[in-house]
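Spelled out, the chains give:
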Amino acid sequence: VIEKLSPYIVGSPALSHETLFATLYATTRQAPGGINAQALAAIENALLDIKGKALGVPCYELFGGKHRDQLPLYWSHCGSYRMHESTARMLAKPTLSSLDDLVELGAEVRESGFTALKCNMYRFGNSNHVHAPGFARRSNTRGAPELNADNSLLKDLEKQMTALRAGAGEDVDILLDMNFNFKTEGYLRVIRALQQFDLLWYELDVFNPEALAYIRQQSNQTIASCESLYGHREFRRYFEAQSMDVAIIDVPWNGAWQSYKIAAMADAYETNVAPHNFYGHLCTMMSAHFCAAIPNFRIMEIDVDDVPWRDDLVTHVPQIKDGMLTVPDRPGWGTDINEEAIAAHPPKR
């Protein structure tokens with residue numbers, strides 16, 4: 001898609017990123033969102049990096065400067081990649097096979113200095129897996145497409161939260177990501193079943209802003225959502241419906257300049273923002289500049305478990321200590337791709 005869009009802007013002034021975005025958006029107007037939006041975002045983020053380097057300033061200066069030097073992080077997908085033996089082996093991490101392993105994982109988070117973790121829904125038994133029928137993955141399609149929350153799942157989630165709390169202690173916040181895995185009734189059943197654990201937020205994806213607002217009103221819990229939306233036009237309906245407490249914005253999928261617009265709109269609705277950041281180091285840098293520049297920042301997502309050679313892929317890795325990321329002050333996004341390292345690890349089919 002990027003290759004098809006490039007002829008529209010090649011030869012144009014690289015610093016005019018907003019003008020170029022408007023041009024590219026117009027060419028994809030009849031097929032908004034999805035891969036088209038992600039391609040536009042990738043081009044915008046590249047142009048912002050060019051502009052920052054041309055001016056000799058970090059990208060956060062392009063948004064008016066930074067409000068903060070350090071960003072609190074939460075350990076995302078905590079345990080998710082360790083639920084499958086093959087994936088855990090690739091990441092050089094222990095496989096999760098029991099609730100006792102979750103207790104140890106919670107302790108690992110606490111000892112690493114992180115003050116918050118986000119988990120998916122884990123089920124142990126004859127087939128250990130992440131409960132995700134909303135994505136219809138082959139290993140866990142039970143429950144699709146009806147997406148109900150049955151009593152056995154609720155009991156498993158109570159055991160999961162008990163184990164994580166036992167390991168993490170009372171000072172580490174827990175967030176639960178339910179993705180697209182239920183309908184309105186199911187989300188409410190899960191939230192009501194877990195009220196005793198006082199989670200920092202419940203994260204869920206619903207393409208109906210009124211239904212999401214109903215869940216927020218009925219649950220009386222903190223709701224985070226919208227990571228799968230594209231552009232301020234899609235977000236507007238959710239803000240008008242008062243659908244969520246925390247708006248999650250994907251910077252690589254929306255573009256950092258467009259994400260800043262969405263954050264400004266969220267601020268007008270007294271809503272704080274968190275980035276959707278389950279990627280590698282380059283995207284983490286993009287999200288970090290975005291989070292540093294917006295006034296209505298909540299907390300930043302980051303994946304800790306990854307392949308051992310992840311650091312080789314960039315020239316500068318994020319500086320993280322005690323669960324805090326230091327905002328880089330190098331020009332542009334503050335890091336570049338190591339092309340040789342990329343070539344050394346080609347995609348596997």
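Everything discussed here concerns the structure shown above.
Residues numbered from 1 in each chain as written. Predicted model: local features only at pLDDT ≥ 70, side-chain atom pairs only at ≥ 80, totals over all residues. Heavy atoms only, no water.

**Student:** Could you clarify how one ought to interpret the packing of aromatic side chains in this entry?
**Tutor:** By convention here, two paired aromatic rings are described through the distance between centres and the angle between planes. Per the counting criterion, the structure on display carries 12 aromatic pairs. Here the aromatic rings of Trp253 and Phe278 are separated by 6.5 Å at their centres, their planes lie at 85°, and the arrangement is edge-to-face. Remark: Phe278 occurs in the loop between β9 (272–275) and α13 (281–293) and Trp253 occurs in helix α11 (residues 251–254); sequence separation between them is 25 residues. A relative accessible area of 30% means that Phe278 is categorised as partly exposed. Three or more aromatic residues joined by ring pairs form one cluster here, namely Tyr230, Trp253, Phe278 and Tyr279. (Phe/Tyr/Trp six-rings, centres within 6.5 Å; stacked < 30°, edge-to-face > 60°. Helix = DSSP H or I, 4+ residues; strand = E, 2+ residues; numbered from the N terminus. Buried < 20%, exposed > 50% of the residue type's maximum accessible area, 1.4 Å probe, protein only.)

**Student:** How should the pairing of strand β8 (residues 246–249) be read in this particular structure?
**Tutor:** Residues in a regular strand point their side chains to alternate faces of the sheet. The alternating pattern of β8 places Val246 and Ile248 on one face and Ala247 and Ile249 on the opposite face, and all of these are buried. Note that strand β7 (residues 223–225) and β8 share two bridges and pair parallel. Bridge pairing in β8 places Ala224 opposite Val246. Since β7 and β8 lie parallel, the crossover through helix α10 (residues 231–240) that links them has a hand, and here it is right-handed. In this sheet, β9 lies alongside β8 in parallel orientation, the contact comprising four bridges. Note on β9: the bridge partner recorded for Ile248 is Ala274. (Pairing = 2+ DSSP bridges. Right-handed = clockwise from strand over helix to strand, strands pointing away.)

**Student:** Where do I start with the packing of helix α6 (residues 99–112) against helix α7 (residues 151–168) in this structure?
**Tutor:** For any two helices packed against each other, one specifies the crossing angle of their axes together with the interaxial distance. Here α6 crosses α7 at 40°, and the two axes come no closer than 6 Å. On the basis of their axis angle, the class for α6 and α7 is oblique. Note on packing geometry: the crossing formed by α6 with α7 is right-handed. Facing Leu99, Leu102, Val103, Gly106, Ala107 and Arg110 of α6, the residues of α7 in contact are Lys159, Gln160, Ala163, Leu164, Ala166, Gly167 and Ala168. Each residue belonging to the contact of α6 with α7 can be placed in one class, and the counts come to eight nonpolar, three polar and two charged. (Axes fitted to C-alpha atoms, helices over the stretch in contact; angles between N-to-C directions. Parallel < 35°, antiparallel > 145°, perpendicular 65-115°, else oblique. Left-handed = near helix turned anticlockwise from the far one by under 90°. Contact = heavy atoms within 4.5 Å. Nonpolar A, V, L, I, M, F, W, Y, C, P; charged D, E, K, R; others polar.)

**Student:** I keep staring at the nonpolar core and nothing clicks. Help me out?
**Tutor:** General note: in soluble globular proteins, nonpolar side chains tend to be found buried as a group. If you look at the biggest cluster of nonpolar residues, it comprises 76 residues, and the most contacted ones within it are Leu117, Leu176, Met178, Val190, Tyr202 and Leu204. Not counting residues up to four positions away in its chain, the partners in contact with Leu204 are Met178, Asn179, Tyr187, Leu212, Ile215, Ile223, Ala224, Ser225 and Cys226. Listed in part, the 10 residues of the second largest apolar core include Tyr74, Leu200, Ala224 and Val246. (Core = buried A, V, L, I, M, F, W, Y, C linked by side-chain atoms within 4.5 Å.)

**Student:** How do you make sense of unusual backbone geometry when you look at a structure like this?
**Tutor:** With the exception of glycine, most residues fall at negative phi, and the peptide bonds are largely trans. Of note, the bond from Ala144 into Pro145 is cis; its omega dihedral lies within 30 degrees of zero at 5°. Considering the arrangement of structural elements, one finds Pro145 in the loop between β4 (129–130) and α7. Phi is positive for His77, which is not a glycine, with a value near 50°. Tracing the backbone shows His77 in the loop between β1 (70–76) and α5 (85–90). The exposure class assigned to His77 is buried, which follows from its relative accessible area of 15%. The phi angle at Glu270 is positive, at roughly 55°, despite the residue not being glycine.

**Student:** In this structure, what is going on with the pattern of salt bridges? I would like to understand it.
**Tutor:** Opposite charge on two side chains permits them to pair, given that their charged atoms come into close proximity. On inspection of all chains with the given rule, the structure shows 14 salt bridges. A salt bridge links Glu108 to Arg82; the nearest nitrogen and oxygen atoms lie 3.0 Å apart. Of the two residues, Glu108 sits in helix α6 while Arg82 sits in the loop between β1 and α5, which places them 26 residues apart along the sequence. Given a relative accessible area of 28%, Glu108 falls into the partly exposed group. In this structure, the salt-bridge partner of Arg310 is Asp306, at a minimum N-O distance of 3.3 Å. Residue class for Arg310 comes out buried when judged on its relative accessible area of 14%. With relative accessibility at 23%, the residue Asp306 sits in the partly exposed group. Among the ionic contacts, a cluster of salt bridges with common partners joins Lys118, Asp177, Glu203 and Glu301. (Salt bridge = Lys/Arg side-chain N within 4 Å of Asp/Glu carboxyl O.)

**Student:** Explanation requested: the environment of Phe207 in the structure shown.
**Tutor:** Positionally, Phe207 belongs in the loop between β6 (201–203) and α9 (209–219). Expressed as a C-alpha distance, the spacing of Phe207 and Phe180, which sit 27 residues apart in the sequence, is 9.3 Å. Those residues in contact with Phe207, other than ones at most four positions away along the chain, are Phe180, Ser228, Leu229 and Tyr238.

**Student:** Just checking my understanding: could you explain the pairing of strand β2 (residues 116–119) for this structure?
**Tutor:** Going residue by residue along β2, you find Ala116 and Lys118 tucked away on one face and Leu117 and Cys119 tucked away on the opposite face as well. Of the strand pairs in this sheet, β2 and strand β5 (residues 173–177) are connected by four bridges, and their pairing is parallel. In the sheet register, Ala116 faces β5, and the bridge partner there is Asp173.

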